[in-house]
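Spelled out from the first residue to the last, the chains are:
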Amino acid sequence: MLRTVVCRAGSGLLKHSRQTVPALWGTRAQQRWASSLPMNTVVLFVPQQEAWVVERMGRFHRILEPGLNFLIPILDRIKYVQSLKEIVIDVPEQSSVSLDNVTLQIDGVLYLRILDPFKASYGVEDPEYAVTQLAQTTMRSELGKLTLDKVFRERESLNSNIVHSINQAADDWGIRCLRYEIKDIQVPPRVKESMQMQVEAERKKRATVLESEGTRESAINVAEGCKQAQILASEGQKAEQINKAAGEANAVLVKAEAKAKAIRLLSEALTQQNGNAAASFTVAEQYVSAFSNLAKESNTILLPSNTGDISSMVTQAMAIYGSLSKTKIAAENNEPILEGNTVSETETGHK
């Protein structure tokens, strides 16, 4: 490979020279180092974002700034032309071994900028080539510290570590590495198949876990629903039983009050004129009705000995009614109750 050196002059005269460069250098780097060297025509115009390194009698003299500059013919010579723009360099693909012994093919892109034209000219023979080689060795070193999975997960951290390592070494060359980006990482086919199988297994695992969690949530929801349904049903039964009991109690009270009122009215009616006769008639009527229905409900019938003597039955019923009436009147008047020849005292607050 040849580097063409084109010399500029204010009068338009050009001079060509050639200088060899390393054979491993890429086409972009060759184009970069093939920038023309201008001739010393006393009056020179330096373009923006370029630095011209001037030697006087073979020794470094000064660096020309952009704009108008003057040099002494024969004594002064422009030795180097450095571009101060950001430079993009492709890092060739290389093999590296990860921490878990997986061989990777990896390449990248390097972004550089020359900060000190003097160091870039005299600190190293070919600064861009040196930085590229340093990037490759640093990349292999950093990849050897990581496993295959971490290489893909920590690409940003890997790029940062490579930039830091390059800047530590390239500081003496007047070059600053701005950033490094990994373009492509290629793994062996069998490793790629294993990775795909691992991804599929992981997804199946996640699907199984999600399905089991869904089943569990469904069972929990069903159990909670059954629990709530049973609680509500028991509360409903409880309320129903309470209401039923309250209704029955009210019904008993109403019946008792109605019966008491009926007895009270009957008692008052019997105390009036001809009450005993009316009571006798009612008892006799009920006796005859009950006697006529005896054989309709059961085949077994128990009859008293004087079944046919209706008058004696009515008399007996009236006697019982009379004794009950006397007992009631005695209780109301706080008087002793006479039963045959025995006198019993009624509870009146005093015995």
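Look up: the structure comes first, before these words.
Here goes a summary of the coordinates provided.

The rules behind these values
Residues numbered from 1 in each chain as written. Predicted model: local features only at pLDDT ≥ 70, side-chain atom pairs only at ≥ 80, totals over all residues. Heavy atoms only, no water. Buried < 20%, exposed > 50% of the residue type's maximum accessible area, 1.4 Å probe, protein only. Helix = DSSP H or I, 4+ residues; strand = E, 2+ residues; numbered from the N terminus. Pairing = 2+ DSSP bridges. Axes fitted to C-alpha atoms, helices over the stretch in contact; angles between N-to-C directions. Contact = heavy atoms within 4.5 Å. Salt bridge = Lys/Arg side-chain N within 4 Å of Asp/Glu carboxyl O. Core = buried A, V, L, I, M, F, W, Y, C linked by side-chain atoms within 4.5 Å. Expected span 1.5 Å × (residues − 1). Parallel < 35°, antiparallel > 145°, perpendicular 65-115°, else oblique. Left-handed = near helix turned anticlockwise from the far one by under 90°.

Working note: regular strand, side chains alternate between the two faces of the sheet. Taken across its 12 residues, strand 9 (residues 103-114) has 9 buried, putting it largely inside the fold. Of the strand pairs in this sheet, strand 8 (residues 87-97) and strand 9 are connected by 9 bridges, and their pairing is antiparallel. Bridge pairing in strand 9 links Val97 to Thr103. Between strand 8 and strand 9, which pair antiparallel and follow one another directly, the connecting turn spans 5 residues, one of which, Asn101, has a positive phi of 60°.

This paragraph deals with the sheet that holds strand 5 (residues 59-64). Strands sit in the order 5-4-7 across an open sheet of 3 strands; the sheet is antiparallel. Bordering the open sheet on either side are strand 5 and strand 7 (76-83), each of which pairs with just one other strand. The mean inter-strand angle of the sheet, taken between neighbouring strand axes irrespective of direction, is 30°. Pairing of strand 4 (residues 50-56) with strand 7 involves 7 bridges; the strand directions are antiparallel. If you follow Val53 over to strand 7, its bridge partner there is Tyr80.

The next thing to look at is the sheet that holds strand 9. Paired through backbone hydrogen bonds, the strands of a sheet run either parallel or antiparallel to each other. Read across the open sheet, the 3 strands follow the order 8-9-10; overall the sheet is antiparallel. The open sheet has two edge strands, strand 8 and strand 10 (175-186), and neither has a second partner. Neighbour to neighbour, the strand axes of the sheet diverge by 25° on average, direction disregarded. Alignment of strand 9 against strand 10, held across 10 bridges, turns out to be antiparallel. The residue of strand 10 that forms the bridge with Leu112 is Cys177. Sheet strands in contact with helix 5 (residues 155-170) are strand 9 and strand 10, and its direction is about 140° off that of strand 10.

In the structure shown here, the tally under the stated rule is 7 salt bridges. The residue Glu55 makes a salt bridge to Arg77 at a minimum N-O spacing of 3.9 Å. Within this pair, whereas Glu55 is found in strand 4, its partner Arg77 is found in strand 7, the two being separated by 22 residues in sequence. Overall, Glu55 belongs to the buried group, its relative accessible area being 8%. Looking at Arg77, the relative accessible area reads 46%, which means it is partly exposed. In this structure, the salt-bridge partner of Asp76 is Arg56, at a minimum N-O distance of 2.6 Å.

For the rest of this paragraph, the subject is the pairing of strand 4. Across the 7 residues that make up strand 4, a large majority, 5, are buried. Direction of pairing for strand 4 relative to strand 5: antiparallel, over a ladder of 5 bridges. Directly across from Val53, in strand 5, lies its bridge partner Ile63.

For soluble globular proteins, the rule of thumb is that nonpolar side chains tend to be buried together. Formed by 32 residues in total, the largest nonpolar core has its most connected members in Leu110, Leu112, Val131, Ile166, Trp173 and Tyr180. For this core, the secondary structure elements donating two or more residues are strand 8, strand 9, helix 3 (127-143), helix 4 (148-153), helix 5 and strand 10. At 6 residues, helix 3 tops the list of elements feeding residues into this core. In contact with Val131, not counting residues within four places along its chain, are Leu110, Leu112, Ile166, Ala170, Trp173 and Ile175.

What follows covers helix 3. Between its first and last C-alpha atoms helix 3 spans 24 Å; for 17 residues at 1.5 Å apiece the expected length is 24 Å, and the two agree. Most of helix 3 is tucked away, with 13 of its 17 residues classed as buried.

Before going further, it helps to spend a moment on the packing of helix 3 against helix 5. Between helix 3 and helix 5, the shortest axis-to-axis distance is 9 Å and the interhelical angle comes to 135°. Between helix 3 and helix 5, the angle is such that the two are oblique. Here helix 3 runs over helix 5; the crossing is right-handed. Touching Val131, Leu134, Ala135, Thr138, Met139, Glu142 and Leu143 of helix 3 are Leu158, Asn161, Ile162, Ser165, Ile166, Ala169 and Ala170, all from helix 5.

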